[in-house]
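Geometric and topological summary
Each chain, written out:
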Amino acid sequence: MSDLETCLGTIIDTFHKYSSKEGDKYKLKKSELKDLLMHEFPTLTEQVKDQATMDSLMESLDTDGDSECDFQEFMTFITMVTICCHEFFEHHEDE
């Protein structure tokens, strides 16, 4: 497999690693999402200093209002984080 195909597989596997812990295995409950964010994005989450900010992030991912994060909502988050990282490195490539 190519690097990109491997990355896609990793994203899917990571989602299911956390979504399969409780309830619907195709959706992340709030506690599963929090675990995923804390373990898979430690650099990002260590910047979050208060629970209200974390709650706001998790609520913003739940676009359909079902109190869970499905794969499409998760991928929207992954896409936005990837875009932000790309923009950051574009602006700091000379450093």
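All of these numbers come straight from a predicted model, not from anything done at the bench. (Residues numbered from 1 in each chain as written. Predicted model: local features only at pLDDT ≥ 70, side-chain atom pairs only at ≥ 80, totals over all residues. Heavy atoms only, no water.)

**Points about the overall build of the chain**
Test applied: Helix and strand labels come from DSSP, where a helix needs a run of H or I of at least four residues and a strand needs a run of E of at least two; each type is numbered from the N terminus. When a residue's accessible area, from a 1.4 Å probe over protein chains only, is under 20% of the maximum for its type it is buried; when over 50% it is exposed; and in between it is partly exposed. Any two residues whose heavy atoms approach within 4.5 Å are treated as being in contact. To be clear on the numbers: accessible area is Shrake-Rupley with a 1.4 Å probe, and residue cover counts the displayed protein chains and nothing else. None of His or the chain ends enter the tally, which takes Lys and Arg as positive and Asp and Glu as negative. Every charge is mapped onto a representative atom, which is NZ of Lys, CZ of Arg, CG of Asp or CD of Glu.
What the chain contains, in helices and strands, is 5 helices and 2 strands. Starting at the N terminus and ending at the C terminus, the chain contains elements arranged as α-β-α-α-α-β-α. C-alpha extents for the chain along the principal axes are approximately 45 × 40 × 25 Å. In the chain, which comprises 95 residues, the proportion classed as buried is 23%. Sequence separation of at least 24 residues holds for 42% of the intrachain contacts in the chain that already meet a minimum separation of 6. For the chain, the exposed surface amounts to about 6800 Å²; the carbon and sulfur share of it is 57%. In the chain, 8 side chains carry a positive charge and 23 a negative one; their mean positions are 11 Å apart.

**As for the packing of helix α1 (residues 3-19) against helix α5 (residues 71-91)**
Under the convention used in this document: Angles here are taken between N-to-C directions and fall from 0 to 180 degrees, while the axes themselves are lines fitted to C-alpha atoms, restricted in helices to the stretch in contact. Here roughly perpendicular refers to angles of 65 to 115 degrees, roughly parallel to angles under 35, roughly antiparallel to angles over 145, and oblique to all remaining angles. Crossings are classed by handedness, with left-handed meaning an anticlockwise turn of the near helix from the far one by less than a right angle and right-handed meaning a clockwise turn.
Their axes nearest at 11 Å, the elements α1 and α5 cross at an angle of 125°. In terms of axis orientation, α1 runs oblique to α5. Crossing hand, α1 versus α5: right-handed. Mapping the contact onto sequence places Ile-11, Ile-12 and Phe-15 in α1 and Phe-71, Phe-74, Met-75 and Ile-78 in α5.

**Observations concerning the pattern of salt bridges**
What counts is decided by this rule: By convention in these notes, a salt bridge is any Lys or Arg side-chain nitrogen within 4 Å of a carboxyl oxygen on Asp or Glu.
Under the defined criterion, the tally for this structure stands at 2 salt bridges. In this structure, Glu-40 and Lys-17 form a salt bridge, with 3.5 Å as the shortest nitrogen-oxygen distance. Residue Glu-40 is located in helix α2 (residues 30-40), and its partner Lys-17 is located in helix α1; the two are separated by 23 residues in the primary sequence. According to the relative accessible area criterion, Glu-40 is partly exposed, its value standing at 32%. Of the charged contacts in the structure, one is a salt bridge between Asp-66 and Lys-27, with a shortest N-O distance of 2.8 Å. Of this pair, Asp-66 sits in the loop between α4 (51-61) and β2 (68-70) while Lys-27 sits in strand β1 (residues 27-29), placing them 39 residues apart in sequence.

**Concerning the environment of Asp-55**
As for its position among the elements, Asp-55 is in helix α4. Linking Asp-55 and Glu-87, residues 32 residues apart in sequence, is a C-alpha distance of 25 Å.

**Description of the confidence of the model for the chain**
A low pLDDT score tells you not to read the predicted coordinates there in detail. Stated formally: Residue-level confidence of the predictor, termed pLDDT, takes values from 0 up to 100.
Looking at the chain, pLDDT values average 89 and 98% of them are 70 or higher. The secondary-structure element of the chain with the lowest mean pLDDT is α4, recorded at 82, while α1 shows the highest, at 97.

**With respect to the packing of aromatic side chains**
Worth spelling out the cut-off: Two rings from Phe, Tyr or Trp (for Trp, the six-membered ring) form a pair when their centres sit within 6.5 Å of each other. Planes less than 30 degrees apart are called stacked, planes more than 60 degrees apart edge-to-face, and all others tilted.
Applying the stated criterion across every chain yields a total of 5 aromatic pairs. Ring geometry for Phe-15 against Phe-74: centres 5.3 Å apart, planes inclined by 45°, an arrangement best described as tilted. Here the residue Phe-15 occupies a position in helix α1, and Phe-74 occupies one in helix α5, the gap between them amounting to 59 residues. For Phe-15, a relative accessible area of 0% corresponds to the buried category. Taking the centre distance of 6.3 Å and the plane angle of 45° together, the rings of Phe-71 and Phe-74 count as tilted. On the criterion of helical spacing, the pair formed by Phe-71 and Phe-74 is a turn pair, its members being 3 residues apart in helix α5.

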